[in-house]
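# Residue-level structure breakdown
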Amino acid sequence: MHLTWGNEPDYFDLKNSIDVIISADCLFFSHVHRELITTIQDLLSIHSFAYFIAPKRGHTLHSFVKLIRSDFPSLKVEVDESFDEWIKSQYELIKNRDPNYNPDLHFPILVTIQKLL
């Protein structure tokens, strides 16, 4: 199955039927955030969740969250930068050992989206 974000004919048969969406590192292209959010809204059943793991990458994560909060009232979004103690401990080890490590590009943040209506 091929699914293009925002292209309803690609997922029409799945509308309002998905209980959980899991995504990693899909927020880099901010020019398609609206299409991605629309697809999430269309696919999730009521009271279901989408989980995104992504770094901040400049303003891309913030822009994604801001767009949900401003334009998608049926979705609730939460951001958690310390969702896992093990990841946090690994960050503490790596940040001082690896000169190429950049938390803006590499540190994972959990974004939880719930469909309310």
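The coordinates are above.
Each chain has its residues counted from 1, running along the sequence as written. Since the coordinates come from a predicted model, pLDDT governs what is reported: local features require at least 70, and pairs of side-chain atoms require 80 or more to be given and counted, while whole-chain, interface and lining totals use all residues. As a convention, hydrogens and water are excluded, and side-chain values are obtained from all of the structure's heavy atoms.

### Topic: the overall build of the protein chain
Short version of the rule: Note on conventions: DSSP H or I runs of at least 4 residues are helices, E runs of at least 2 residues are strands, and numbering of each starts at the N terminus. By definition in these notes, contact holds between two residues if any of their heavy atoms fall within 4.5 Å. Here the open area of atoms and residues is found with the Shrake-Rupley method and a 1.4 Å probe, where only the protein chains shown may cover a residue.
When you go through the protein chain residue by residue, the secondary structure sums to five helices and four strands. The helix and strand sequence of the protein chain, counted from the amino end, reads α-β-α-β-α-β-α-α-β. Principal-axis analysis of the C-alpha atoms places the extent of the protein chain at approximately 50 × 30 × 25 Å. For the protein chain, restricting intrachain contacts to residue pairs at least 6 apart in sequence, the fraction spanning at least 24 positions comes to 80%. Just so you have it, the protein chain exposes about 7300 Å², and 56% of that area is on carbon and sulfur atoms.

### Description of the nonpolar core
Selection criterion: Among buried residues, the Ala, Val, Leu, Ile, Met, Phe, Trp, Tyr and Cys ones that are joined through side-chain atoms within 4.5 Å form a nonpolar core. Burial here depends on accessible area, computed with a 1.4 Å probe over protein chains only, as a share of the maximum for the residue type. Under 20% is buried, over 50% is exposed, and the range in between is partly exposed.
Ile40, Phe52, Phe64, Val111 and Ile113 are the most contacted members of the largest nonpolar core, which totals 24 residues. Looking at this core, the elements that each hand over two or more residues are α2 (33–43), β2 (44–54), α3 (60–71), β3 (75–80) and β4 (109–115). No other element matches the five residues that α3 contributes to this core. Not counting the four nearest positions on each side in its chain, Ile113 is found in contact with Ile40, Leu44, Ser48, Phe49, Ala50, Phe52, Phe64, Ile68, Leu75, Lys76 and Val77.

### A few points about the environment of Val65
Its location among the elements puts Val65 in helix α3. Given a relative accessible area of 5%, Val65 falls into the buried group. Distance in space between the C-alpha atoms of Val65 and Leu43 is 18 Å, their sequence separation being 22 residues.

### A few points about the sheet that holds β2
The line we're drawing: DSSP calls a pair of strands paired once it identifies at least 2 bridges connecting them. The convention used is that axes are lines fitted to C-alpha atoms, helices contributing only their stretch in contact, and that angles between N-to-C directions extend from 0 to 180 degrees.
Strand order in the open sheet made by the four strands is β1-β2-β4-β3, with mixed pairing throughout. The open sheet terminates on both sides in strands that have one partner only, identified here as β1 (18–24) and β3. If you compare each strand with its neighbour and ignore which way they point, the axes differ by 15° on average. Two elements, β2 and β4, share six bridges in a ladder whose sense is antiparallel. Note on β4: the bridge partner recorded for Phe49 is Gln114. The sheet contacts of α2 involve β1, β2, β3 and β4, and relative to β2 the element is tilted by about 140°. Along the sheet face, α3 touches β2, β3 and β4 and points at about 150° away from the line of β3.

### Looking at the pattern of salt bridges
The criterion, for reference: Only one rule defines a salt bridge in this text: a Lys or Arg side-chain nitrogen within 4 Å of an Asp or Glu carboxyl oxygen.
Applying the stated rule across the entire model yields six salt bridges. Residue Lys15 is joined to Glu8 by a salt bridge in which the shortest nitrogen-to-oxygen separation is 3.2 Å. You can call Lys15 partly exposed: its relative accessible area is 27%. In this structure, the salt-bridge partner of Glu92 is Lys95, at a minimum N-O distance of 3.1 Å. Linking Glu92 with Lys95, this pair stays in helix α4 (residues 85–97), spanning three residues, or about one helical turn. Judged by its relative accessible area of 37%, Glu92 is partly exposed. Take Lys95: its relative accessible area is 36%, and that puts it in the partly exposed class.

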